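Descriptive structure summary
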Amino acid sequence: MQALGQFLPLILIIAVFYFLLIRPQQKHKKERDAMLSSLKKGDKIVTIGGLHGTITDLTEDRVTLKVNENSRLVFERSAINAVDNTDNEKEEKEEKEEKDEKKEED
């Protein structure tokens, strides 16, 4: 019984580390891997360095971005920080509103 009392603080510290550090980091890594695997041509992305562009070509480990009309840059897939869906969400919302308006007219 006394041995359990000695190991209890160590067990609590390990549990705190797991729930505050390890588990959130694993969850974030899983979300990032899902985001990187779901990339497709035409997605607007932001790189880790802050460069915004549109995906024009995609391979297992490399992504070609169209930055402007004349520039295309090649990056490692791991250099992508986020997918910028703000434009896509606006377009989808506008299309939905137009469909709703058409239904109301009928």
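Preceding block: the structure.
For clarity, every value in this text was computed on a predicted model and none was experimentally measured.

What follows covers the overall build of the chain. For the chain, the count of helices and strands is two helices and five strands. If you list the helices and strands of the chain from N to C, you get α-β-β-β-β-β-α. Scored against the burial criterion, the 106 residues of the chain give a buried share of 14%. A sequence separation of at least 24 residues applies to 36% of the contacts in the chain between residues at least 6 apart. Of the accessible surface of the chain, which amounts to about 8900 Å², a share of 54% is contributed by carbon and sulfur atoms.

Right, let's talk about a nonpolar patch on the surface for a bit. Taken together, the side chains of Ile 13, Val 16, Phe 17, Tyr 18, Phe 19, Leu 20, Leu 21 and Ile 22 make up a nonpolar region of the molecular surface, amounting to roughly 790 Å² of accessible area. One can find Leu 21 in helix α1 (residues 2–37). The exposure class assigned to Leu 21 is partly exposed, which follows from its relative accessible area of 47%.

With that settled, consider the packing of aromatic side chains. This structure, assessed with the given rule, holds one aromatic pair. Between the aromatic rings of Tyr 18 and Phe 19, the centroid separation amounts to 5.1 Å while the plane-to-plane angle is 80°, which identifies the pairing as edge-to-face. Tyr 18 gets classed as partly exposed once you look at its relative accessible area, which sits at 36%.

Here Asp 43 shows up in the loop between α1 and β1 (44–47). Residue Asp 43 is classed as buried on the basis of its relative accessible area, which comes to 7%. Looking at Asp 43, its side chain comes within polar contact range of the main-chain nitrogen of Lys 40, at 3.1 Å.

Moving on, we get to the pattern of salt bridges. Using the criterion set out here, one finds four salt bridges in the structure. We note a salt bridge from Asp 33 to Lys 29, for which the minimum N-O separation is 3.1 Å. In this pair, Asp 33 and Lys 29 are both assigned in helix α1, four residues apart and thus about one turn of the helix distant. For the salt bridge of Glu 76 with Arg 62, the shortest nitrogen-to-oxygen distance reads 3.6 Å. Of the two residues, Glu 76 sits in strand β4 (residues 72–76) while Arg 62 sits in strand β3 (residues 62–66), which places them 14 residues apart along the sequence. Its relative accessible area of 38% is what places Glu 76 among the partly exposed residues. Of the residues examined, Arg 62 reaches a relative accessible area of 44% and is grouped as partly exposed.

Strand order in the open sheet made by the five strands is β4-β3-β2-β1-β5, with antiparallel pairing throughout. Of all the strands in the sheet, the pair left with one neighbour each is β4 and β5 (80–83). Each strand of the sheet is rotated relative to its neighbour by a mean of 45°, with strand direction disregarded.

About the criteria used
Residues numbered from 1 in each chain as written. Predicted model: local features only at pLDDT ≥ 70, side-chain atom pairs only at ≥ 80, totals over all residues. Heavy atoms only, no water. Helix = DSSP H or I, 4+ residues; strand = E, 2+ residues; numbered from the N terminus. Buried < 20%, exposed > 50% of the residue type's maximum accessible area, 1.4 Å probe, protein only. Contact = heavy atoms within 4.5 Å. Areas by Shrake-Rupley, 256 points an atom, 1.4 Å probe, with all protein chains shown as cover. Patch = residues over 30% accessible without salt bridge, like charges linked within 9 Å, V, L, I, M, F, W, Y side chains within 5 Å. Salt bridge = Lys/Arg side-chain N within 4 Å of Asp/Glu carboxyl O. Phe/Tyr/Trp six-rings, centres within 6.5 Å; stacked < 30°, edge-to-face > 60°. Polar contact = N/O pair within 3.5 Å; in protein donor to acceptor, adjacent residues only side chain to side chain. Pairing = 2+ DSSP bridges. Axes fitted to C-alpha atoms, helices over the stretch in contact; angles between N-to-C directions.

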